[in-house]
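Report on the structure
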Number of protein chains: 2
Amino acid sequence: MSRWSASEPRERIRLRARIAGYFPITTWLPYYNRHLLGEDLIAAVIVTLMVIPQALAYAILAGLPAIAGLYASMLPLIAYTLFGTSRTLAVGPMAIVSLMTAAALSPLFVSGTVAYSQGAVTLALLSGLILALMGLLRLGFFANFLSHPVVSGLLTASGVLIAASQIAGLMGIGGAGFTLVDQLLHILRHLEKVHWPTLGLGLAALLFLLLMRRSAPALRRLGLAAGTATFVVRLGPVMAVAITTSLSWALDLPALGVAVVGEIPAHLPPLSLPSLNPALWRELLLPAFLISVVGFIESVSLAQMLAARRRERISPDQELIGLGSANLAAAFTSGMPVTGSLSRTVINFDAGARTPAAGALAALGVGLVILCLTPLIAYLPIATLAASIIVSAMTLVDLPALKRTWRYSQSDFAAMLITIVLTFLEGVEAGVMAGVGVSLALYLYRTSRPHTAVVGRLPGTEHFRNVRRHDAEIDAEIGLLRIDESLYFANARYLEDTVYGLIADRPAMRHLVLICSAVNLIDASALESLEAINARLADSQIALNLAEVKGPVMDRLKKSDFLDHLSGEVYLSTYSAWTELRHRLDDEARTGAESSDAAS
Amino acid sequence: MSRWSASEPRERIRLRARIAGYFPITTWLPYYNRHLLGEDLIAAVIVTLMVIPQALAYAILAGLPAIAGLYASMLPLIAYTLFGTSRTLAVGPMAIVSLMTAAALSPLFVSGTVAYSQGAVTLALLSGLILALMGLLRLGFFANFLSHPVVSGLLTASGVLIAASQIAGLMGIGGAGFTLVDQLLHILRHLEKVHWPTLGLGLAALLFLLLMRRSAPALRRLGLAAGTATFVVRLGPVMAVAITTSLSWALDLPALGVAVVGEIPAHLPPLSLPSLNPALWRELLLPAFLISVVGFIESVSLAQMLAARRRERISPDQELIGLGSANLAAAFTSGMPVTGSLSRTVINFDAGARTPAAGALAALGVGLVILCLTPLIAYLPIATLAASIIVSAMTLVDLPALKRTWRYSQSDFAAMLITIVLTFLEGVEAGVMAGVGVSLALYLYRTSRPHTAVVGRLPGTEHFRNVRRHDAEIDAEIGLLRIDESLYFANARYLEDTVYGLIADRPAMRHLVLICSAVNLIDASALESLEAINARLADSQIALNLAEVKGPVMDRLKKSDFLDHLSGEVYLSTYSAWTELRHRLDDEARTGAESSDAAS
């Protein structure tokens, strides 16, 4: 009994930490108070205003009825509030994910049909299951394989692609393809069908939005405070929606043939049942995986950046679970795949959201809008939504990043460029896969020809540097070769070539010291190469020595019999290798001289 | 004029070096003499004796008429003599390549038909083109991506698979599948069809071959010289062929139903035209690529090992061209895909082959055999060939390597095991691809969580080591963090986590020094992470310093504006960073103390 009572509290603490890991809400809800509620409420009102036009627009971008975007902005937010770790991430429909959703579903279903909508919730279900599973398996590190240049290239290319996809909507032509070429051809082919009233309205909305984005200095000159000016600027899309909807109603634009959102049933999200058809699941599995990964990376990068600013921490693995649960919620409430939204998250942060409760409050706001304002939304012109997508998509384009990356590293630039070109030609999925493949291949190619340096002693110090870059002492009998890479299968043979080349150049060499300060791993292939080098050097009367072998590498070498066969020694530092070998060679030379003296 | 005459010789020397690169034969043919011819001739005779049973057996293993193996042992050898760089590599049919040939062709054609033979020469053509193209593009380094454990696993699994595939032949049942399960099921299903005379003959041949392999000590006790004993042992397969063929002829075994090689036309290889059907090419492209890579890796490893023993050098890129031309020769002379043969190459080396001419001489020997000895070969029982394949396939199995690899590195072992299991279950192609994929994934996973160490000064030295492994001094205000891996996209985020964790643990820290002695690359993703770390540390009043940055890494950093924003300095060595920062902090403390003294 006493044994248990002693260990129980500790068990309970551990249990509580575990619960907090899986239910981050337990870390803030007990401390929630009126002050926090006030701050969250302000942020929620602003985000609700923002989310309405975005959610409608992204649903249309995804090929769905506009209302699906609002449905996807309710329960998913509440699910994320329960399981997410970021205090400011605003979850919901997002441009790139919507584009990928449309690209995945269009070959299978006709846009606007019930089957298409069921495809969207099935995609959300699969995406949710994949994210949640990756989170439970702690696979958050997978996201690291998408390098910054690839993500940056993907954003730039998607921005262009998304904007281009909306030009048709702006002209009143209707749906285009998912590659840049298809989209341009679609517009060129249907040029004669341009609906001029729609185009006029769309261009006006576009101009208004662009001007609003740049209006902050002018507003401040008019006497507005900086914060207020920023707030008014951000309300640009809401104002565009309000103005064009009013116009559309007043002038009865639908009668002129201007496409509008149309009747929306004024009720909360109906429950939906995703398809369980295994053939459809197989078809959607790869798109769902890529949507999950791209959405996750975007969300987690954003959440990490904002958390760092406030000295909070987020857990990538738990974020997977949070986003997964949000998608599962979307799957059963007639929604669409969701993830963290760049623009709304930044606004949520700036507006002072303090806890994930802000997201749940925004979900309630969206519910109120659906119940009360849908009659107004019916007159909202599609062209206004197209204009607002174009403006926000263009903010994804980051051309300076292209130049910066080119200057810093051509191979990173190559990965970026291939991502952009493939996204343009084949869509986002192909772009992501090509980008990852090229990044990995280039990294392996780079490490397969590692940098090595013959080093010498900086006179009067214990420091050894590259003889090509520094004025360092060389010893003809002792070769010091520093290897600047982990030794593994891709470069094991290259190491052999390098060593054999060096001993061919230095005929007087008696000892070779491999300096392993940069060797973090010697795998089984490299071990075989070292054994071959050791044997071949022994044939040539050269002893192989190692220096500065790292602890973990040494531990592993001790598990093989390599050290038993090693013709030389292992030294702690290059300096000790150099002094001891020099002494030994001097001793041998003296003994040799004495014995030849004795013989003479 | 004079300008040209002065530069002409140098041009000519460069041209000759280039010719020698592409036609290595020019490096030895001008110096060929009667002495070298004598040595090459002896080796050629021995290799010719060896090649007959092997070539017949491997052709049957590939599902081809036995004669195709002999055809593939003539012109390909002469092509390799012209373009290859190894002086001892014996080119021709080889067990694993034959197995892969059968696996590629069996789903498409019926074994033994003309279409099947045309498929084999088409596979040889594609393989030749792929190898030659890779050689011209200098892609020899590609071979490095097959790690030693994967190759070793592949050999072991193929050995078992090849031996198992011959058990059916030994029993007189006939062709089995290409996975271990298929083969075992095939034998079990056809057990009642076992042809007892064939099985008896096969088991006798198997026993004879196994005894011969172990007979060297006994032969030496009988008074034979060591060299002669080895030679006699190696002739085991030839003797088995001679004895069983004689028996088969004397007892008219074919009349009893014992399968024999049968009538062979006594003429030199007929010309063949590979198929140019694009659909077939597409079908065979991946198998041809894998056959090329596996064959190339086997050949080049072997050639390098033997060249190193004699201080010769081979060029992997030129080897690609040599093996490519051999396959092209096989494609147009009714052959099959070829590569370097392990067993014959070792014999060629031991028998004292001095130049690639030995291969061409062996090709002439095979020609003589075809012209004069085919009537005898007709009576050669298939079971004898099956027995000789089983015995030589078992030499590929290397079980100690499994244990050795397990002890040294579990992740290398995992790659090896997956290769073996996949080869058993799905065949050699699947095994190779899975092995490469798993090796790469494991390597990336390992480097994505790099080893880092907080280091301290070994008292009284300029040397800094891990404080967990050594009794080193720690300075509360100066954090020294050594990063034991190149910084790239896969571990950039992990670095941020590590640094933020460290500064959270050490509240007194004023300076953080990242020791980059093991950082061989900072890619664009890692640069962004460093910029983020720099900014965040600056917020916390901690300066970020770098030490021991390698030359190439520094060159690249200078191309970005990171160094302009860096809150600290870049130091040549950890020691100088430590002493200078210590001085500076002491100065600041003194000034602070003085000013507070003055104030008091």
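Residues numbered from 1 in each chain as written. Chains lettered and ligands numbered in written order. Predicted model: local features only at pLDDT ≥ 70, side-chain atom pairs only at ≥ 80, totals over all residues. Heavy atoms only, no water.

To continue, consider the interface of chain B and chain A. Contacts between chain B and chain A engage 68 residues on the former and 68 residues on the latter. For the chain B and chain A pair, buried surface summed over both sides reaches about 6,500 Å², with 53% attributable to carbon and sulfur atoms. When residues of chain B are sorted by the area they lose upon contact with chain A, Tyr408(B), Phe489(B) and Arg493(B) head the list and together hold 14% of the total. Viewed at the interface, chain A and chain B are joined by four salt bridges. Across the pair Asp555(A) and Arg469(B) runs a salt bridge whose closest N-O atoms are separated by 3.0 Å. Elements with a minimum of two residues in the side of chain B that touches chain A: helix H7 (148-170), helix H13 (278-309), helix H18 (399-408), helix H20 (428-448), helix H21 (492-505), helix H22 (524-539) and helix H23 (551-558) of chain B. Top element by residues in the side of chain B that touches chain A is H20(B). It accounts for eight residues. Grouping the amino acids of the side of chain B that touches chain A by side-chain chemistry returns 25 nonpolar, 21 polar and 22 charged. (Contact = heavy atoms within 4.5 Å. Buried area = accessible area lost by both parts, 1.4 Å probe. Salt bridge = Lys/Arg side-chain N within 4 Å of Asp/Glu carboxyl O. Helix = DSSP H or I, 4+ residues; strand = E, 2+ residues; numbered from the N terminus. Nonpolar A, V, L, I, M, F, W, Y, C, P; charged D, E, K, R; others polar.)

Here the focus is the relation of the copies chain B and chain A. With an RMSD of 0.1 Å, the fit of chain B onto chain A corresponds to turning through 180° and sliding 0.0 Å along the axis. Given the turn and translation reported, the copies of this chain are related as if by a two-fold rotation axis. Across chain B, the smallest distance between a C-alpha and the rotation axis is recorded for Ala518(B), namely 1.8 Å. Take the interface residues of chain B: 100% of them recur as interface residues in chain A, which is what a same-surface contact looks like. (Least-squares fit on C-alpha atoms with pLDDT ≥ 70 in both.)

So, on to the sheet that holds strand E4 (residues 464-466) of chain A. All names here are of chain A. Taken in spatial order, the six strands of this open sheet run E4-E3-E5-E6-E7-E8, and their pairing is mixed. Both outer strands of the open sheet, E4 and strand E8 (570-571), are each paired with one neighbouring strand and no more. The pairing of strand E3 (residues 452-457) with E4 spans three bridges and is antiparallel. Within the sheet, the bridge partner assigned to Gly456 lies in E4 and is Arg465. Running over the sheet, helix H22 (residues 492-505) touches E3, strand E5 (478-483) and strand E6 (511-515) and is turned about 155° from E5. (Pairing = 2+ DSSP bridges. Axes fitted to C-alpha atoms, helices over the stretch in contact; angles between N-to-C directions.)

That is the geometry; function is a separate question.
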